[in-house]
Structures are given as C-alpha cells and as structure tokens.
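Structural features, examined
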Amino acid sequence: MSYTTCVVIPCYNEVKELKNRVYDGFLKEDTDTLICFVDDGSTDGTYTELKSLEKQYPTKVVVYKNPNNVGKAESVRNGVNFACENYEIKLVGYLDADLATSLEEFSFLTTYIDNTISFVFGSRIMKLGSTIERKASRFFIGRFIATVISTILDLKVYDTQCGCKIFKKDLALEVFNKPFVSRWLFDVEIFNRIVVFYGKEKALTKMLEVPLKRWVDQGDSKVKTSYFFQLWLDLYKINKICKKGLKHNNSI
C-alpha cells in the first residue's frame, strides 16, 4: 500500500496509554498516514495491545518488534527502515509514544515540507498562543543540553531534542542507514548527518524548525537517572563524530 506519511512511534512499557485508546481519534480520521509502532522489548503487555490496535486498524497500523530492548535510537531507526523498505511512502518521521506532540500537529508539520525543505522538526518554544508544559527540572536540563549541542553542531537550533521530526524518504534513508552512538541523544547525530550529507550551507536551506502550538509533558521519562553520567560520555563521542563530519565536509 502507499501512504503520504509514516510516523514511527517507539514504545517501551506503554500499555497504560494504549489501553486509554489515545490513538483512536486520529486513526478513525480519513487520512493517508501509516503509524508504525516499534515495541522495544516491553514487559507490561504493550506488544499485545499494539497487535490488537493493528488488528483493529489493519490499513493504518503496523507493528514492528525488536528482539530485545535496544533503546529509543535503534527503535526509531528500525521503524524508519522497516517502513521505507516495506511501504510506498513520501515522508517519514517519529513521535514519542506519550503523544506530548499530538498526531494532528505532526500531520500539520508535514505541510512545511516542499521542493526546498526536506527536514522539519518541532520546537518547544514558549510564546503567546502556544501551550508548552514542561517540568521545571526537565526544562533547565534540556536548555543546558541544547546549548551544549548547538555549540557542538555549530548550528543555531533552539530545540534539538524535541521528539517530533519529519523527513523526506530519500533523506531518511541516508540519515538512518547506520546505528547511532547514543541510545537517547541520537537527535544530535541526525543533525550532523544531514549537515555532512548536504554540506552545511545547503543543509541550512533544507531544514526548518517550527514552534509547536502544543506540547504537554505526559509523565515520567523513560531515561534512567543513572544515564546522567553516561550522557557526558555520549556528548564526548558525538562531539568527536561531529567534528570529523564537519572536517570531511569542509574538505569536499
């Protein structure tokens, strides 16, 4: 089957949200969007609920199951590659399972992709008319990480870590063709791969950061507190990769 858009949603122990049927409203709409759920070794019945959803909406839902828990980065990568290899699609992106960014807003962001723009990403910028609800602790940690990441990338990006990103299929195949260094900070590597692929000057014309109208923190993060220590090692590794990529790009 062919679809305009596929949205990949990585899931780890999300049975509560699934049982609340938070996806039903969007799935009942007449859209040509495929939702590819990726179960990342859940232990709470998530896979059973996902298969039930797939059975109820066989033309709108497909479920991919990781053999074991591999983290968000590899789950998204597996889902993107599975969708691109098995379905005729034009755009592919990903969202967090808690739908902090709604499927409706995800669909709206796809309208920004055109002959020039190949990559659109949501941004949790607090402004008049928007509803951005984040826990204070997450906001300050997020802003610190975002500042560090923007420095590493040498890009003026406000929010690299927002879990709402959309790509043209050909770009997605390039970005997700190999594993990421970090299980959680893979968004940074995405930007780096796009810059290396296009060249920085052209990449800036291909990317668009769009402030979200609504983003609501839905609960506890799946990232363990212990990851705080691993985070610095990941940033160090990513910094090395980005510098290598930029050096390669400048030599072309």
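In this text the structure is predicted, and so the values were computed from the model without any measurement.

What follows concerns the side chain of Arg-193. Looking at the secondary structure, you find Arg-193 in helix H8 (residues 186-198). Residue class for Arg-193 comes out buried when judged on its relative accessible area of 13%. Side-chain polar atoms of Arg-193 contact the backbone oxygen of Lys-178, separated by 2.9 Å. Separated by 2.8 Å, the side chain of Arg-193 and the backbone oxygen of Pro-179 make a polar contact.

Going through the model one piece at a time under the given rule, you end up with 9 salt bridges. The salt bridge involving Arg-21 is made with Asp-24; its shortest N-O contact spans 3.1 Å. Residue class for Arg-21 comes out partly exposed when judged on its relative accessible area of 27%. Using a relative accessible area of 12% as the deciding quantity, one classes Asp-24 as buried.

Relative to the elements of secondary structure, Leu-27 occurs in helix H2 (residues 24-27). The spacing of Leu-27 and Tyr-57 is 30 residues in sequence and 7.4 Å in space, taken between C-alpha atoms. In contact with Leu-27, other than residues within four places in its own chain, are Ile-35, Leu-53, Tyr-57, Lys-60 and Val-61.

The next point concerns the pairing of strand S2 (residues 33-39). Most of S2 sits out of view: 7 of its 7 residues are buried. Burial along S2 is two-sided: Thr-33, Ile-35, Phe-37 and Asp-39 and Leu-34, Cys-36 and Val-38, pointing in opposite directions, are all buried. Pairing of strand S1 (residues 2-11) with S2, which is carried by 7 bridges, proceeds in the parallel orientation. Paired with Pro-10 across the bridge in S2 is Val-38. Pairing of S2 with strand S3 (residues 61-65), which is carried by 5 bridges, proceeds in the parallel orientation. Among the inter-strand pairings, Phe-37 is bridged to a residue of S3, identified as Val-63. This β-α-β element, S2 to helix H3 (residues 46-56) to S3, shows right-handed connectivity.

Criteria and cut-off values
- Residues numbered from 1 in each chain as written.
- Predicted model: local features only at pLDDT ≥ 70, side-chain atom pairs only at ≥ 80, totals over all residues.
- Heavy atoms only, no water.
- Helix = DSSP H or I, 4+ residues; strand = E, 2+ residues; numbered from the N terminus.
- Buried < 20%, exposed > 50% of the residue type's maximum accessible area, 1.4 Å probe, protein only.
- Polar contact = N/O pair within 3.5 Å; in protein donor to acceptor, adjacent residues only side chain to side chain.
- Salt bridge = Lys/Arg side-chain N within 4 Å of Asp/Glu carboxyl O.
- Contact = heavy atoms within 4.5 Å.
- Pairing = 2+ DSSP bridges.
- Right-handed = clockwise from strand over helix to strand, strands pointing away.

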